[in-house]
Amino acid sequence: DPQLNSNYTFENYIEGDCNRLARSAGYAVAAKPGGTSFNPLMIYGGVGLGKTHLAQAIGNEIKRNMPDKLVIYVSCEKFCQQFVDSLKNNTINDFVNFYQAMDVIIMDDVHNFAGKEKTQDIFFHIFNHLHQSGKQVILSSDKAPKDLAGLEERLLSRFKWGLSADLQIPDLETRIAILRKKMYADGIELPNEVVEYVAHNIDNNVRELEGAMVSLLAQSTLNKKDIDLNLAKQMLKNFIKNTSKEISMEYIQKLVCEYFEVPVDMVKSPTRKREIVQARQISMYLSKSHTKSSLKTIGAFFGGRDHSTVIYACQTVEDLIDTDKKFKGYVHDIQKKLKMN
Ligand code: ADP
Ligand code: MG
């Protein structure tokens, strides 16, 4: 089946909360095409979240276990084009017969039916024929059936018969797993901090996530260069729109307090307890180096202190960085976390 791409499998489709239902429904359908109540199976979700991959994986899995099954994968767009061509060439019967002979039809991106009434009519008939014969229909769409505009009601109602399962944006852990999978597939390993940086910053689309990784891997191979965090940041400027996401004093305060396990409000209080003073001074120091706030604003933010207190804090931190290795490590750790965001 030239329409099925063997690179899209269940094995390389990372599971996460974002896709658990859709993935397991897909797996069930692949094991028993036409034999579950998930007919049609509708996979829906935004661009680049893995609809095509999952739909193709189902097709490939069926072919692997049941090579005799006739499986067709077709994008809705291509189907519409074929229909128009068959009208022109007077081959409409061949067109319909071809699809009605299938055991499994996978139609990708059915939102593209919008406005195409004649093609929807034809598909309605093909759908009914297949469904009545116990054949499996798998659909993908960018929206839930109830939100699909421009589709005929009778077709939509069919789409709602089986199971609709959505794909969501993967959480951080899943994004990291997807990146690792990609690296291992290419036999290259990038440092953890690079992987985490990419996963942290590309959080809306798996295709872009992969694209970023592909370009890092390519650069690393072509230039035979090890990729560290700085180089990765340089290379990914085009992928990561807001690399310089504003760092706020609130955020610095939160990070520092989390790091030293002190209550967030305490750094603003008058207390002179050693650990609080240290957290406060580091927060001031980082606010000076990582935000555009003036000394006056920084002082005011951290408990209504004046600018000379901020100068003193910065001086103290700089001195300690020079003389106290452990302290220097703390500050670097926190700075690393700051830059992750
Ligand atoms: P969509 O069809 O929803 O626009 P795709 O199926 O084309 O998205 O997925 C975009 C890219 O992301 C593909 O290369 C796909 O392999 C990859 N991808 C998406 N989800 C996953 C996942 N859960 N595990 C591994 N790769 C994924
Ligand atoms: Mg797709």
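The structure displayed is predicted, hence computed values, not measured ones. (Residues numbered from 1 in each chain as written. Chains lettered and ligands numbered in written order. Predicted model: local features only at pLDDT ≥ 70, side-chain atom pairs only at ≥ 80, totals over all residues.)

Draft legend 1. Region of the structure containing the site of ligand 1. As a matter of local geometry, ligand 1 sits amid 16 residues, with I14, G50, K51, T52 and H53 nearest to it. At the level of secondary structure, the elements contributing two or more residues to the shell around ligand 1 comprise α2 (51-65) and α9 (206-222). Grouping the amino acids of the shell around ligand 1 by side-chain chemistry returns six nonpolar, seven polar and three charged. (Near = placed C-beta within 6 Å. Helix = DSSP H or I, 4+ residues; strand = E, 2+ residues; numbered from the N terminus. Nonpolar A, V, L, I, M, F, W, Y, C, P; charged D, E, K, R; others polar.)

Draft legend 2. Up close: the environment of T309. With respect to the element layout, T309 can be found in helix α14 (residues 307-323). By C-beta crowding, T309 is classed as partly exposed, having 18 other C-beta atoms within 10 Å. (Buried ≥ 20, exposed ≤ 12 C-beta atoms within 10 Å, placed from the backbone.)

Draft legend 3. Region of the structure containing the confidence of the model for the protein chain. Confidence in the prediction of the protein chain, expressed as mean pLDDT, is 92, and 98% of residues score 70 or more. Listed scores for the predicted complex are pTM 0.75 and ipTM 0.99. (pLDDT = per-residue confidence, 0-100.)

Draft legend 4. Highlighting the sheet that holds strand β5 (residues 163-166). Across the sheet, which stays open at both edges, the five strands sit in the order β2-β3-β4-β1-β5 with parallel pairing between neighbours. Here the strands that pair on one side only, and so sit at the sheet edges, are β2 (71-75) and β5. Strand-to-strand twist in this sheet, taken as the mean axis angle between neighbours without regard to direction, amounts to 15°. With four bridges connecting them, strand β3 (residues 104-108) and strand β4 (residues 136-141) associate as parallel partners. (Pairing = 2+ DSSP bridges. Axes fitted to C-alpha atoms, helices over the stretch in contact; angles between N-to-C directions.)

Draft legend 5. Structural view of the UniProt feature "domain: AAA+ ATPase" (unreviewed entry) in the protein chain. Using the residue numbers shown here, the UniProt feature "domain: AAA+ ATPase" (unreviewed entry) corresponds to residues 37-167. Helix makes up 47% of residues 37-167 and strand 18%, whereas the separation of the span's terminal C-alpha atoms amounts to 20 Å. (UniProt positions renumbered as here; feature names shortened; annotations may be inferred.)

Draft legend 6. Focus on the nonpolar core. Within the largest apolar cluster, 58 residues are counted, with the highest numbers of intra-cluster contacts made by I43, I58, I105, I106, I138, V198 and L209. If sequence neighbours within four positions are ignored, I43 has contacts with A22, K51, L54, A55, S140, A165 and L167. Among the nonpolar cores identified, the runner-up in size contains 17 residues, and M284, F301, F302 and A313 belong to it. (Core = buried A, V, L, I, M, F, W, Y, C linked by C-beta atoms within 7 Å. Contact = placed C-beta atoms within 7 Å.)

Draft legend 7. Seen up close, the pairing of β3. Burial within β3 is extensive, with five of its five residues counted as buried. The alternating pattern of β3 places V104, I106 and D108 on one face and I105 and M107 on the opposite face, and all of these are buried. Here β2 runs beside β3; their pairing, made up of five bridges, is parallel. By the bridge assignment for β3, V74 is matched with M107. Note on the crossover from β3 through helix α5 (residues 117-132) to β4: the handedness is right-handed. (Right-handed = clockwise from strand over helix to strand, strands pointing away.)

Draft legend 8. Local environment of the UniProt feature "binding site: ATP" (unreviewed entry) in the protein chain. Within this numbering scheme, the UniProt entry marks G48, G50, K51 and T52 as carrying the feature "binding site: ATP" (unreviewed entry). Secondary-structure assignment places G50 in the loop between β1 (41-44) and α2. By the C-beta count within 10 Å, which is 25 here, G50 ends up buried. Discounting chain neighbours no more than four positions away, the residues touching G50 are Y13, N19, L167 and V206. By the element assignment, T52 lies in helix α2. Look past the residues within four positions of T52 in its chain and what remains in contact with it is D108 and S140.

Draft legend 9. Quick look at unusual backbone geometry. Put simply, N39 and P40 share a cis peptide bond, and its omega is 5°. In this structure, P40 sits in the loop between α1 (20-31) and β1. Not every positive phi belongs to a glycine, and N90 is a case in point at roughly 60°. Following the sequence through the fold, N90 ends up in the loop between α3 (76-89) and α4 (92-100). Its identity is not glycine, yet D109 carries a phi of approximately 65°, on the positive side. Among the secondary structure elements, D109 is positioned in the loop between β3 and α5.

Draft legend 10. Summary view of the packing of helix α12 (residues 274-290) against α14. Contact pair α12 / α14: the axes reach a minimum separation of 8 Å and the direction vectors enclose 95°. With respect to their mutual orientation, α12 and α14 come out roughly perpendicular. Residues Q281, I282, M284, Y285 and K288 of α12 touch α14, and the partners they reach there are V310, A313, C314, T316 and V317. In the contact of α12 with α14, the residues fall into seven nonpolar, two polar and one charged. (Parallel < 35°, antiparallel > 145°, perpendicular 65-115°, else oblique.)

Draft legend 11. Main features of the packing of α1 against α2. With their axes 9 Å apart at the nearest point, α1 and α2 run at an angle of 25° to one another. By the angle between their directions, the pair α1 and α2 is classed as roughly parallel. Where α1 crosses over α2, the handedness of that crossing is right-handed. The residues of α2 that touch α1, namely those facing A22, R23, G26, V29 and A30, are L54, A57, I58, E61 and I62. Here the contact of α1 with α2 is composed, by residue class, of seven nonpolar, one polar and two charged. (Left-handed = near helix turned anticlockwise from the far one by under 90°.)

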